[in-house]
Amino acid sequence: MLYIDSIQRGIVIDHIKAGYGLSIFKYLKLDEADYTVALIMNAPSKKYGKKDLIKIENTIDMDLTILGLIDPNITINIIDDEKIVKKIKLSLPKKVEGLIKCKNPRCVTSEERDIEHRFVLIDEDKGIYKCEYCEQIYTWEE
Amino acid sequence: MKHLIDPMDFSVEELEDLFELADEIIDREDDFSQVCKNKILATLFYEPSTRTRLSFEAAMIRLGGQVIGFSSSTSSSVMKGESIPDTVRTVGSYADIIAMRHPKEGAPKYASKYSPVPLINAGDGGHQHPTQTLTDLFTIRKLKGKFSNLTIGLCGDLKFGRTVHSLIKALSRYENIKFILISPKELQIPQYIKMEILNYKNIPFVEVEKLEDAIHELDILYMTRVQRERFFNEEDYIRLKDSYILNKDKLKLAKDDLAVLHPLPRVNEISYEVDNDPRACYFKQVKYGMYVRMALIIRLLEVM
């Protein structure tokens, strides 16, 4: 098995659905990072068979709730002194504001300047959101 | 301060209060002729809709109020690039209540976040048209005296017809309603309405292709227009087009107390020969629409 060093201090994003690691890596702009980062793809997982994970040797200050939108099964481990000091279990955010855009060309968001795109979670199990304005239905995969 | 953006913004109890008030207005209209004296309604119509705008304006004038506004975006500062928040904040400084029609879906909802006065959605693209739903509900209540124990036929374009979707949602809150959905296969009611409303609430419904197969069962027939360009092939259009035109012959199959409704304008889906039949109620519906808008203005302005 491939061996990757444990990190001293930082963040481990674990249980990423296999295949999604790269998009999260890019979304978090880790490809531009000047500190140690590792993207591990298709690691064996007892729970899911295969998983992706990301290790970040740094304390990054960012809103990680978006990761819940990508996959609510993701867990975030905060590491200090090589130990997990905090585990964050994600869930789908109830509201998503300003992160994704409504694609409905008839939606008011397509025309007004400075309008914040807002989505409301309407089905937690299926991960279905609707645009707060035009009520177009979205799932994250879209 | 309350706005009306979505037909479901009002609870069943609030609707009942509104309809009772509309009944009172019909019974003693003179008593209401000054209740909105010194109040101004602004009609912000970013796209033309003469019928709806006139209904709102007539409603306000009959309540003793006055009306300002514009009837297309070309004649307003929108042309100069003014945002919706700026427009409603400005107009809200002049007027006491706003009725807004906009081609973009969700525009009235966005506007209501910034409006200093109550705002009514007078239609936002193909999305919502809540005062049409109030009109439809009030008409059914006026004609049938109730909302429960009714078999309601919805005929025509059930896929794209927003008034039909809103009406189903609104009626699904009452008991013992049965729907007969009459449309060509291409224009059937969207799956999400079947799943989220009809199946979810266990409301009985059947889908049929021809009006003549269902008209005998109906207490209410809600007609909508079927446009030729909505059909996928010409053959189906030719085969089915006459099924969605209500004429005297089809009406012979119907109950004596059927009520035929239509959101108007009609093109050819109801023959003129039907207009004199006592079951043709679509012009009454127009009038009830004005009365229910009067009641709505009174409630949102809290003048009574």
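As a reminder, the structure under discussion sits directly above these lines.
Procedures and definitions
Residues numbered from 1 in each chain as written. Chains lettered and ligands numbered in written order. Predicted model: local features only at pLDDT ≥ 70, side-chain atom pairs only at ≥ 80, totals over all residues. Heavy atoms only, no water. Contact = heavy atoms within 4.5 Å. Buried area = accessible area lost by both parts, 1.4 Å probe. Salt bridge = Lys/Arg side-chain N within 4 Å of Asp/Glu carboxyl O. Polar contact = N/O pair within 3.5 Å; in protein donor to acceptor, adjacent residues only side chain to side chain. Helix = DSSP H or I, 4+ residues; strand = E, 2+ residues; numbered from the N terminus. Nonpolar A, V, L, I, M, F, W, Y, C, P; charged D, E, K, R; others polar. Buried < 20%, exposed > 50% of the residue type's maximum accessible area, 1.4 Å probe, protein only. Lys, Arg positive; Asp, Glu negative; His and termini not counted. Phe/Tyr/Trp six-rings, centres within 6.5 Å; stacked < 30°, edge-to-face > 60°. Lys NZ or Arg CZ within 6 Å of the ring centre and 35° of its normal. Core = buried A, V, L, I, M, F, W, Y, C linked by side-chain atoms within 4.5 Å. Pairing = 2+ DSSP bridges. Axes fitted to C-alpha atoms, helices over the stretch in contact; angles between N-to-C directions.

1. Section: the interface of chain B and chain A
Interfaces are frequently sized by the accessible area removed from exposure as the parts join. With 16 residues of chain B at the interface, the matching set in chain A holds 16 residues. Across the chain B/chain A interface, buried area totals approximately 1300 Å², and carbon plus sulfur atoms make up 42% of it. Considering only the surface of chain B that becomes buried against chain A, Lys104, Glu105 and Tyr110 of chain B emerge as the three largest contributors, covering 47% of it. Residue Glu105 of chain B is joined to Arg106 of chain A by a salt bridge in which the shortest nitrogen-to-oxygen separation is 3.0 Å. For the pair chain B and chain A, the number of links is 11 residue pairs in polar contact (both at pLDDT 80 or more). Looking at which element gives the most residues to the side of chain B that touches chain A, the answer is helix α4 (residues 107-112) of chain B, with three residues. Looking at the side of chain B that touches chain A residue by residue, the classes come out as five nonpolar, six polar and five charged.

2. Let's talk about the environment of Ala58 of chain B
Examined against the element boundaries, Ala58 of chain B turns out to sit in helix α2 (residues 50-62). Residue classification places Ala58 of chain B among the partly exposed positions, given a relative accessible area of 26%.

3. As for the side chain of Lys104 of chain B
Take Lys104 of chain B: it is sitting in the loop between β3 (97-102) and α4. Despite its burial, Lys104 of chain B pairs with no opposite charge, the nearest such side chain being Glu111 of chain A at 4.4 Å. Setting aside anything within four residues of it in sequence, one finds Lys104 of chain B in contact with Pro105, Arg106, Cys107, Val108, Ser110 and Glu111 of chain A together with Asp124 of chain B.

4. What about the packing of aromatic side chains?
Residues and elements named next belong to chain B. Within the structure shown, the criterion is met by nine aromatic pairs over all chains. Ring geometry for Phe19 against Phe138: centres 5.6 Å apart, planes inclined by 25 degrees, an arrangement best described as stacked. Of the two residues, Phe19 sits in helix α1 (residues 12-27) while Phe138 sits in helix α5 (residues 130-144), which places them 119 residues apart along the sequence. In this structure, Phe19 and Phe138 share a single accessibility class: buried. Measuring from centroid to centroid gives 6.1 Å for Phe19 and Phe147, while their planes differ by 50 degrees, and the two rings are tilted. Taken together, the residues Phe19 in helix α1 and Phe147 in the loop between α5 and β5 (150-155) connect sequence positions 128 residues apart. One exposure class covers both Phe19 and Phe147, and it is buried. Pairwise contacts between aromatic rings join Phe19, Phe138, Phe147, Tyr174 and Tyr288 into one cluster. Note that Arg293 overlies the ring of Phe56, its terminal NZ or CZ placed 5.0 Å from the centroid.

5. Here's the deal with the nonpolar core
Formed by 59 residues in total, the largest nonpolar core has its most connected members in Leu154, Ile168, Leu171 and Phe179 of chain B. Examining the composition of this core, we find that 11 residues originate from one element, helix α10 (residues 282-301) of chain B, more than from any other. Judged by nonpolar contacts, the second largest core, of 46 residues, contains Ile13 and Leu92 of chain A together with Ile84 and Val117 of chain B.

6. Focus on the sheet that holds strand β2 (residues 66-70) of chain B
Residues and elements named next belong to chain B. An order of β2-β1-β3-β4 is seen for the four strands of this open sheet, with the pairing classed as parallel. Both edges of this open sheet fall to β2 and β4 (119-124), since each of them pairs with a single strand only. The average undirected angle you get between the axes of adjacent strands in this sheet is 15 degrees. One ladder, built from four bridges, connects β3 with β4; its direction is parallel. Bridge pairing in β4 places His102 opposite Asp124. Packing of α2 onto the sheet brings it into contact with β1 (40-45), β2, β3 and β4, and relative to β1 it is tilted by some 175 degrees.

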